[in-house]
Amino acid sequence: MKADRVIRGRRTIGPFPQGLTKTIVAASLVCIVHASKAQSFEWVKQYGGGNEIARIVTDADGNIYWSGTGVHTGLIRKVSPQGNLIWSKTLSLGTNSFGGECLLGPDGALYFAGNFNATCDFDPPNNVLRTAVGEHDAFLLKCDTAGNFQWVKTFGGLGDDSGHNLCMDASGHICVV
């Protein structure tokens, strides 16, 4: 599986092994091309406009999770092995904020990091509100495999703080960088 770069304007991607091409017209668009282990083309899907992928991960069942940034939003999506959208979450993070890294925990939970400013609802419409202390604060969000909010941790000082990368050790401890 490969995540294509952000596509702006009019582009034709392909040709793929079966001769398929896909023409895309958008201001900014996420496009995922999926190939089998034998490297044969299976499908190409486009998801929304104004989005950029930060990370793609897959689970043992072949589901695809991706995180990224829209216009002042953080995005996390789960799609089936066939590319069909299973669930989607959009967080309004504020001006010049981003949704970045995601990773799957051993229990199948999805962890998502980034930064936000002002006040953000991390579980709309349930009003899990956090207010940034500084210009931007970092966050770490956990969702279950169905995309349900579990918890959010925010941290930062008076300056500009971000959660760009995630890693997990063998004991399940998460490090946000």
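Scroll up a little and you will see the structure.
Report follows, based on the coordinates. Worth saying up front: this structure is predicted, and the values here are computed from it rather than measured.

What counts, and at which threshold
- Residues numbered from 1 in each chain as written.
- Predicted model: local features only at pLDDT ≥ 70, side-chain atom pairs only at ≥ 80, totals over all residues.
- Heavy atoms only, no water.
- Phe/Tyr/Trp six-rings, centres within 6.5 Å; stacked < 30°, edge-to-face > 60°.
- Helix = DSSP H or I, 4+ residues; strand = E, 2+ residues; numbered from the N terminus.
- Buried < 20%, exposed > 50% of the residue type's maximum accessible area, 1.4 Å probe, protein only.
- Lys NZ or Arg CZ within 6 Å of the ring centre and 35° of its normal.
- Contact = heavy atoms within 4.5 Å.
- Pairing = 2+ DSSP bridges.
- Axes fitted to C-alpha atoms, helices over the stretch in contact; angles between N-to-C directions.
- Core = buried A, V, L, I, M, F, W, Y, C linked by side-chain atoms within 4.5 Å.
- Salt bridge = Lys/Arg side-chain N within 4 Å of Asp/Glu carboxyl O.

Turning our attention to the packing of aromatic side chains. Following the criterion strictly, the structure yields 6 aromatic pairs and no others. Ring geometry for Tyr111 against Trp151: centres 6.0 Å apart, planes inclined by 55°, an arrangement best described as tilted. Here Tyr111 is found in strand β10 (residues 110-116), whereas its partner Trp151 is found in strand β14 (residues 149-155), with 40 residues between them in sequence. On the basis of relative accessibility, which here comes to 8%, the residue Tyr111 falls in the buried class. Residue Trp151 is classed as partly exposed on the basis of its relative accessible area of 26%. Here the aromatic residues Phe112, Phe116, Phe122 and Phe139 are joined through ring pairs into a cluster of three or more. One cation-aromatic arrangement involves Lys153 over Trp151; the distance from NZ or CZ to the ring centre is 5.5 Å.

By the secondary structure assignment, Lys142 is in strand β13 (residues 137-143). Owing to a relative accessible area of 15%, Lys142 belongs among the buried residues under this scheme. Separated by 11 residues in sequence, Lys142 and Lys153 place their C-alpha atoms 8.9 Å apart. If we ignore the near neighbours within four places in the chain, the residues touching Lys142 are Asp107, Ala109, Leu110, Tyr111, Asn148, Phe149, Gln150 and Trp151.

A few words now on the sheet that holds strand β6 (residues 64-70). On the basis of which strands lie adjacent, the open sheet formed by 4 strands has the order β5-β6-β7-β8 and antiparallel pairing. Looking along the sheet, the strands with just one partner apiece sit at the ends: β5 (52-58) and β8 (85-92). Direction aside, neighbouring strands of the sheet carry axes that sit 15° apart on average. Two elements, β5 and β6, share 6 bridges in a ladder whose sense is antiparallel. Bridging across to β6, Ile53 finds its partner in Gly68.

Take the nonpolar core next. Core analysis: the largest hydrophobic core is formed by 19 residues, its most contacted members being Phe122, Phe139 and Leu141. When residues of this core are traced back to their parent elements, those giving at least two are β8, β10, β13 and β14. Look past the residues within four positions of Leu141 in its chain and what remains in contact with it is Ile76, Leu91, Leu110, Tyr111, Phe112, Phe122, Phe149, Trp151 and Val152. In this structure, Leu103, Tyr111, Leu140 and Leu166 belong to the second largest nonpolar core, which totals 6 residues.

The subject of this paragraph is the pattern of salt bridges. Within the structure shown, the criterion is met by 2 salt bridges. With a closest N to O distance of 2.9 Å, Glu101 and Arg55 form a salt bridge. Of this pair, Glu101 sits in strand β9 (residues 98-104) while Arg55 sits in strand β5; the two residues are 46 residues apart in sequence, bridging distant segments of the chain. Taking relative accessible area as the criterion, Arg55 reaches 36% and is therefore assigned partly exposed. Residue Lys142 is joined to Asp107 by a salt bridge in which the shortest nitrogen-to-oxygen separation is 3.8 Å. You can see Lys142 sitting in strand β13 and its partner Asp107 sitting in the loop between β9 and β10, a full 35 residues away along the chain. Note on Asp107: relative accessible area 53%, which makes it exposed.

Geometry only, nothing functional implied.
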